[in-house]
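# Residue-level structural notes
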Amino acid sequence: QVHLVESGGGLVQAGGSLRLSCAASGRTFSSYDMGWFRQAPGKEREFVAAINWSGGSTTYADSVKGRFTISRDNAKNAVYLQVNSLKPEDTAVYLCAAKESLEGSNRYPGAYNYWGQGTQVTVSS
C-alpha cells in the first residue's frame, strides 16, 4: 500500500516555474514506477511524465518535453516534477501515481495502482 500526497502547486504567470513534489508512504516506494498526470476541467486525465523505479529511465508527453523534468529521491520517498516555461494550457490539477507492475505502459493511467489527491497549477496569461 502506498499513500501519495502532492504539493507545490499554485498560481503563476506564463513563463514561470514551479516544483511539484509527491511524498509517498510505504517501505516499498523504491520498487514502484512513478508517474505525473494532469486533469483540466472537462478533460480526460492526461499523461505528463513517468520515471522508473531506479530513476534511470524517464518518459515525457510531447507537450511538455524540454520544459518539465521528473526526478525521484528513493531515500526520501519522493518524486518531483520541475515545471518551467509554463503556458496557460498547462493549467490543471497535477496528480502523482504509483505503478506496482512492470506490465502496462507508463503512459496509461489504468496501469497505475495508487493516486494522490492532486495539486492545482494555474497559469495566467
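Just so we're clear, the structure is a prediction, and the values are computed from it rather than from any experiment.

Rules and cut-offs
- Residue indices follow the written sequence of each chain, beginning from 1 at its first position.
- Only residues with pLDDT of at least 70 get local features here, since the model is predicted, and only at 80 or more are side-chain atom pairs given and counted; chain-wide, interface and lining totals rely on the full set of residues.
- As a convention, hydrogens and water are excluded, and side-chain values are obtained from all of the structure's heavy atoms.
- Think of it this way: any DSSP run of H or I at least four residues long counts as a helix, any run of E at least two long counts as a strand, and we number them from the N terminus.
- The contact criterion used throughout is that any non-hydrogen atoms of two residues lie within 4.5 Å.
- What qualifies as a polar contact is a pair of N or O atoms within 3.5 Å, subject to a donor-acceptor requirement within protein and to the restriction that residues adjacent in sequence count only when both atoms come from side chains.
- Throughout, nonpolar core names a set of buried Ala, Val, Leu, Ile, Met, Phe, Trp, Tyr and Cys residues whose side chains join them through atoms within 4.5 Å.
- The buried label goes to any residue with under 20% of its type's maximum accessible area, the exposed label to any with over 50%, and the partly exposed label to all in between, with areas taken from a 1.4 Å probe on protein chains only.
- Aromatic pairs are defined between Phe, Tyr and Trp rings, using the six-membered ring for Trp, whenever the two ring centres lie within 6.5 Å; interplanar angles under 30 degrees are classed as stacked, those over 60 as edge-to-face, and all others as tilted.

### Here's the deal with the environment of Thr91
The residue Thr91 is located in the loop between strand 8 (78-83) and strand 9 (92-99) in this model. Ignoring any residue separated from it by four or fewer positions in sequence, one finds Thr91 in contact with Ala40, Gln120, Val121, Thr122 and Val123. At a separation of 2.9 Å, a polar atom in the side chain of Thr91 contacts the main-chain carbonyl oxygen of Pro88. A polar contact is formed between the side chain of Thr91 and the backbone nitrogen of Val123, at a distance of 2.9 Å.

### Digging into the nonpolar core
Judged by nonpolar contacts, the single largest core of 37 residues is most densely connected at Leu4, Met34, Trp36, Leu81 and Tyr94. Ignoring sequence-local partners within four residues, the contact set of Met34 consists of Leu4, Cys22, Phe29, Ala49, Ala50, Ile51, Ile70, Arg72, Val79, Ala97, Ala98 and Tyr112.

### What about the packing of aromatic side chains?
Enumeration according to the criterion identifies five aromatic pairs in this entry. With centroids separated by 5.1 Å and ring planes inclined at 80 degrees, the aromatic side chains of Phe37 and Tyr112 adopt a geometry described as edge-to-face. Within this pair, whereas Phe37 is found in strand 4 (residues 33-39), its partner Tyr112 is found in the loop between strand 9 and strand 10 (114-115), the two being separated by 75 residues in sequence. Each member of the pair, Phe37 as well as Tyr112, is classed as buried. Ring plane angle 55 degrees and centroid distance 5.1 Å describe the contact between Phe37 and Trp115, whose orientation is recorded as tilted. In this pair, Phe37 is assigned in strand 4 and Trp115 in strand 10, connecting sequence segments 78 residues apart. Its relative accessible area of 25% is what places Trp115 among the partly exposed residues. Three or more aromatic residues joined by ring pairs make a cluster, and in this case those are Phe37, Phe47, Tyr112 and Trp115.

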